[in-house]
Amino acid sequence: MTLRDLLRRGAARLSAAGVPSPEVDARALMLHALGLSPVSLLTRAASEVAPADEARFEALIARRAARVPLQYLLGELAWGGVRLRCDARALVPRPETEWLLHLTLEALSTLAAPRVLDVGTGTGALALGVKAARSGAQVTATDLSPEALTLARENAALNGLEVTWVQADLLTGVTGPLDLIVSNPPYLPDADREDVQPEVTHDPELALYGGPDGLDLARRLAAQATGVLVPGGRLLLELDPRNAPAFAAELRAQGWTADTAADLTGRERFVVAQWGAGL
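As named in an unreviewed UniProt entry, the chain is Release factor glutamine methyltransferase, taken from Deinococcus sedimenti. UniProt annotates the chain under Function (unreviewed entry) with the comment "Methylates the class 1 translation termination release factors RF1/PrfA and RF2/PrfB on the glutamine residue of the universally conserved GGQ motif." Regarding the chain, the UniProt comment filed under Sequence similarities (unreviewed entry) reads as follows: "Belongs to the protein N5-glutamine methyltransferase family. PrmC subfamily."

Right, here's the structure in full:
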């Protein structure tokens, strides 16, 4: 069997299993399984596949057809200027969260040595993305899960970046002053447990669900943030587009200056708030 034939067979199997982007995923798995570059896959498309390579690829296709997340199978992904190992210890960083990193760096642009906290860090994506872009920043990250923090530390070592990692429930035990708090907290309403993509069931539930309306963690975090942010300090959150505008309104009623920002598809996903001064 040629590489081209094997790739088509793998994509067909993923399509039959309901994988959303079967051709893209099959190609990524082939590159990974056979150690090929995109160019070599093109130039060798008509080459015969060794039995060991075929077996390795087919094993990955079988796991992806079972809806194991692609990032788990590839082991690493490039995200926000850093490399991240991904596995079941933490939520796989989503592409939309890279815009939260962009908003964070934009908010820090006028500060020479900002003090930044990433709450619920998971893989460490946001904390490491900030540190990679702003080497002079003092970056701390918290997570309730010791397994997630172990993964985050591995990712820090992978990228050669120094971040302070703290096991904590949101801001419990964290002291200020802080210039900015950023978080992608668990924000799905509990009712969503009944209707999620199969891949999501591989993520830790601790990182997904935020109570009846999805805002339990965001509310607790905002209440704690007022005690550690400097006057004019920022709070940036990624939330469900279904409730981000409502939460921004809640913050305004509590004395924050707050607004929403859209993701790249136009959905109001992010809350950008400031404590004690106007945006």
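J.: Please clarify how the environment of Arg94 should be interpreted in this entry.
T.: Relative to the elements of secondary structure, Arg94 occurs in the loop between strand 2 (82–85) and helix 6 (97–107). Under the relative-accessibility criterion, Arg94 is labelled partly exposed at 23%. Residues Arg94 and Ala16 lie 78 residues apart in sequence; the distance between their C-alpha atoms is 25 Å. In this structure, Arg94 is in contact with Trp79, Val200 and Asp203, ignoring residues within four places of it in sequence.

J.: Sorry if this is basic, but what is going on with the packing of helix 6 against helix 7 (residues 125–133) here?
T.: Helix-helix packing: each pair is described by the crossing angle between the helix axes and the interaxial distance. Contact pair helix 6 / helix 7: the axes reach a minimum separation of 10 Å and the direction vectors enclose 45 degrees. Considering the angle they form, helix 6 stands oblique to helix 7. At the point where helix 6 passes helix 7, the crossing takes the right-handed sense. For the pair formed by helix 6 and helix 7, the contact residues are Thr97, Leu100, Leu101, Thr104 and Leu105 on the first element and Leu126, Gly129, Val130 and Ala133 on the second. Considered class by class, the residues forming the contact of helix 6 with helix 7 number six nonpolar, three polar and no charged.

J.: I would appreciate a short explanation of the side chain of Gln274 in the present structure.
T.: Locating Gln274 in the fold gives a position in strand 9 (residues 268–275). Assessed through its relative accessible area of 6%, Gln274 is described here as buried.

J.: I would appreciate a short explanation of the packing of aromatic side chains in the present structure.
T.: For any pair of aromatic rings, the description consists of the separation of the ring centres together with the inter-plane angle of the planes. This model, assessed by the stated rule, comprises one aromatic pair. Ring geometry for Trp256 versus Trp275: centroids 5.0 Å apart, planes at 55 degrees, classification tilted. Taken together, the residues span a long stretch of sequence, with Trp256 in strand 8 (residues 256–262) and Trp275 in strand 9 at a distance of 19 residues. The partly exposed category is assigned to Trp275, whose relative accessible area is 25%.

J.: Please clarify how the UniProt feature "binding site: S-adenosyl-L-methionine" (unreviewed entry) in the chain should be interpreted in this entry.
T.: When the UniProt feature table is mapped to this numbering, "binding site: S-adenosyl-L-methionine" (unreviewed entry) covers Gly120, Thr121, Gly122, Thr123, Gly124, Asp143 and Asn184. The greatest C-alpha distance among the annotated residues, which extend across 65 residues, is 11.6 Å, indicating that they converge on a single site. Relative to the assigned elements, Thr121 resides in the loop between strand 3 (115–119) and helix 7. Beyond its immediate sequence surroundings of up to four residues, Thr121 is in contact with Ala127, Ala141, Thr142, Asp143, Leu149, Ala152 and Trp165.

J.: Quick question: what am I supposed to make of the pairing of strand 6 (residues 178–183) here?
T.: Along any regular strand the residues' side chains alternate between the sheet's two faces. Most of strand 6 sits inside the fold, with six of its six residues counted as buried. Where strand 6 lies against strand 7 (residues 229–238), five bridges are found, and the strand directions are parallel. Bridged to Leu180 within strand 7 is Arg234.

J.: Explanation requested: the sheet that holds strand 4 (residues 138–143) in the structure shown.
T.: In a beta sheet, neighbouring strands pair by backbone hydrogen bonds and run either parallel or antiparallel. Spatial strand order, 5-4-3-6-7-9-8: seven strands in an open sheet with mixed pairing. Both edges of this open sheet fall to strand 5 (164–167) and strand 8, since each of them pairs with a single strand only. Neighbouring strand axes in the sheet, compared pairwise and without regard to direction, differ in orientation by 20 degrees on average. Strand contacts of helix 7: strand 3, strand 4, strand 5 and strand 6, with the helix running at about 175 degrees to strand 4, the strand carrying the most contacts. Helix 9 (residues 216–225) rests against strand 3, strand 6, strand 7 and strand 8 of the sheet, and its axis sits at about 165 degrees to strand 7.

J.: Just checking my understanding: could you explain the environment of Leu108 for this structure?
T.: As for its position among the elements, Leu108 is in the loop between helix 6 and strand 3. With 101 residues separating them along the chain, Leu108 and Leu7 place their C-alpha atoms 45 Å apart. Once residues within four sequence positions are removed from consideration, Leu108 is found in contact with Pro114, Val116, Val130, Arg134 and Leu180.

J.: Would you mind going over helix 4 (residues 51–65) with me for this structure?
T.: Structural remark: α-helix, 3.6 residues per turn; residues separated by three or four positions point the same way. Look at helix 4: 21 Å from first C-alpha to last across 15 residues, which is about the 21 Å you get at 1.5 Å a residue. Considered for burial, the residues of helix 4 that qualify are Phe57, Glu58, Leu60, Ile61, Arg64 and Ala65. Take helix 4 and look down its axis: the buried residues cluster within an arc of 165 degrees, on one side only. Of the exposed residues in helix 4, those oriented more than 90 degrees away from the buried face are Pro51 and Ala52. Of the surrounding elements, those touching the buried residues of helix 4 are helix 1 (3–16), helix 2 (22–34) and helix 5 (70–74). Taken from the residues just after helix 4, Arg67 is the one with a positive phi, measuring 70 degrees.

Conventions we followed
- Residues numbered from 1 in each chain as written.
- Predicted model: local features only at pLDDT ≥ 70, side-chain atom pairs only at ≥ 80, totals over all residues.
- Heavy atoms only, no water.
- UniProt positions renumbered as here; feature names shortened; annotations may be inferred.
- Helix = DSSP H or I, 4+ residues; strand = E, 2+ residues; numbered from the N terminus.
- Buried < 20%, exposed > 50% of the residue type's maximum accessible area, 1.4 Å probe, protein only.
- Contact = heavy atoms within 4.5 Å.
- Axes fitted to C-alpha atoms, helices over the stretch in contact; angles between N-to-C directions.
- Parallel < 35°, antiparallel > 145°, perpendicular 65-115°, else oblique.
- Left-handed = near helix turned anticlockwise from the far one by under 90°.
- Nonpolar A, V, L, I, M, F, W, Y, C, P; charged D, E, K, R; others polar.
- Phe/Tyr/Trp six-rings, centres within 6.5 Å; stacked < 30°, edge-to-face > 60°.
- Pairing = 2+ DSSP bridges.
- Expected span 1.5 Å × (residues − 1).
- Arc of directions from axis to C-beta.

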